[in-house]
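Each chain, letter by letter, is given below.
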Amino acid sequence: MSGAWTSWMPLLVLASSLVTALVIFTLPENRHITRGLLNLTGAVVKVLLVMVMVIGVERGVEFELRYTILPGVDFILRADGMAMFFAGLSSVLWLFTTLYAIGYLENSPNRSRFFGFFSLCVTATMGIALAGNLFTFLLFYELLTLSTWPLVTHRGTEKALKAGRTYLIYTLTGGAVLLGGVLWLYGLVGDVEFQEGGLLRHTPEALHGQLSLVFAVLIGGLAVKAAMVPVHGWLPVAMVAPAPVSALLHAVAVVKAGAFGIIRVVYDLYGIEFAASLDLLLPLGIAAAITVLYGSLRALAQSELKRRLAYSTISQVSYIVLGISLFGPVGTIGALVHLLHQGFMKITLFFCAGNYAETLGVHRIDELDGAGRRMPLTSAAFTLGAFGMIGVPPLAGFISKWFLGTGAIAADMHWALWVLIGSSMLNACYFLPIVHRLWFRPQREDWPAEQLLSTRFETSGWLLWPAVATALCIIGAGLFAGLPFSPLSWAQLVSSREYLQ
């Protein structure tokens, strides 16, 4: 499997959603069948293209498109092991989110605008995944900000517009800081491509002091989208957005783009061994630990379901950053596999939150009493997502926490293990009361705003089956973790390529 066509594969992956977006923008509102078919066709084609590239990368095929923008600055799309990790997650979850969004937004206004920006957003996400250097990464990182803002403000209410302003202030400021770091680094060493093991390890020792400062600036910029404390404030506010957008922000695109950027900087720009030699990993780990515990503590205090899930995301995404700071292959595997596992778990939880809101009018946790009897499949999916987040075996979250914990011991960073244990206990404290309300409290006699969305199922099939499917992925990722092409096996493959010694 080789030839010139491999150069075009990364571009085709982007085009599958970019073309979809441009066509959808031109569609009248009443063309809902055409719009749905376009969305699903684009999502399925993207999954198939990414699958071909995953198999090719595993067999050593090189997929790269390179174009010189300016002297010394190239636009590069490249598929390596790390890129396929993020691209695989985004393409699969995008398909589920598209199915869910079609059902969620049925009869809503401005659907062409919504799905147009929805497809632009996945284009930006795939560009981030496939970026071969910092310049290309920055282009798509900013496109992601601009394409998600219309989704956050989609409802057009005063609250939504205010949330959109907050979102823009945070993310554009983070982008400006990131741009500053990119320009500083360019001034020191020129255009730097992502490479397994990191290229900056070859720089003269005289530059190491400045490289440490550049690292802090780059991570500071990326930390905004990764929702790390104290630049996390946009995420809970953005919960005013429709449920598919919340799922998008938390599981697929924005926070994952920030976390993935930190992974790229540490592993493929500096190199994990060079970063450790500059003593950059411990401060990163401390910042992640503070975020893990802070997010969990704030989640405890939330009475609205989506806001509780939002603070849970702040905590859980920093598990990835904590894993990066654990020098050693085991911690790296834990960080990488959690990038995927958290996506499956969190998207399930947000799908379920959307189902409760659309079907029963339930938004607050104290309104969920007995919802398990009224909506058993949705509640079973929510329970699996919650148990996964706590780390109950054999679910996906258990696999992540096992490798993060053993990685902390292997790196002789026992304090990180206690952070994980403490956070897991807090996870249980804010998820188990919800599960108890769903299954063990008497069912309410009336719901806040119940709608009959289906005569056969508990809610519309468009809303129900994506949640059930992603919940099954939580089980599958845990039970079949040892199989080839599982998230764990791919994390082990990538980790083996990142450590040079």
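Q: An account of the side chain of Arg-111 is requested, with residue identities and associated values reported.
A: Secondary-structure assignment places Arg-111 in helix α4 (residues 111-130). For Arg-111, a relative accessible area of 15% corresponds to the buried category. Excluding residues that lie within four positions of it along the chain, Arg-111 makes contacts with Glu-29, His-32, Arg-35, Leu-105 and Glu-106.

Q: Could you give me a rundown of the packing of helix α3 (residues 81-104) against helix α19 (residues 461-479), with the residues and numbers involved?
A: The N-to-C vectors of α3 and α19 enclose an angle of 155°; their axes lie 7 Å apart at closest approach. Regarding the angle of α3 to α19, the classification is roughly antiparallel. Note on packing geometry: the crossing formed by α3 with α19 is left-handed. For the pair α3 and α19, contact is made by Leu-93, Phe-96, Leu-99, Tyr-100, Ile-102, Gly-103 and Tyr-104 and by Trp-462, Leu-463, Pro-466, Ala-469 and Thr-470, respectively. Per-class residue counts for the contact of α3 with α19 are 10 nonpolar, two polar and no charged.

Q: Talk me through the environment of Ala-276; I want residue IDs and the actual numbers.
A: On the secondary structure map, Ala-276 appears in helix α11 (residues 272-277). If we skip the residues at most four places from it in the chain, Ala-276 touches Leu-281 and Phe-327.

Q: Just give me the short version of the packing of aromatic side chains, but keep the residues and values in it.
A: Applying the stated rule across the entire model yields 21 aromatic pairs. The interplanar angle of 50° and the centroid separation of 6.0 Å between the aromatic rings of Phe-75 and Phe-140 together place this pair among those described as tilted. A residue pair is termed long-range when its members are at least 10 positions apart, and Phe-75 in strand β2 (residues 73-79) and Phe-140 in helix α5 (residues 134-152) qualify at 65 residues. Residue Phe-75 is classed as buried on the basis of its relative accessible area of 16%.

Rules of the game
Residues numbered from 1 in each chain as written. Predicted model: local features only at pLDDT ≥ 70, side-chain atom pairs only at ≥ 80, totals over all residues. Heavy atoms only, no water. Helix = DSSP H or I, 4+ residues; strand = E, 2+ residues; numbered from the N terminus. Buried < 20%, exposed > 50% of the residue type's maximum accessible area, 1.4 Å probe, protein only. Contact = heavy atoms within 4.5 Å. Axes fitted to C-alpha atoms, helices over the stretch in contact; angles between N-to-C directions. Parallel < 35°, antiparallel > 145°, perpendicular 65-115°, else oblique. Left-handed = near helix turned anticlockwise from the far one by under 90°. Nonpolar A, V, L, I, M, F, W, Y, C, P; charged D, E, K, R; others polar. Phe/Tyr/Trp six-rings, centres within 6.5 Å; stacked < 30°, edge-to-face > 60°.

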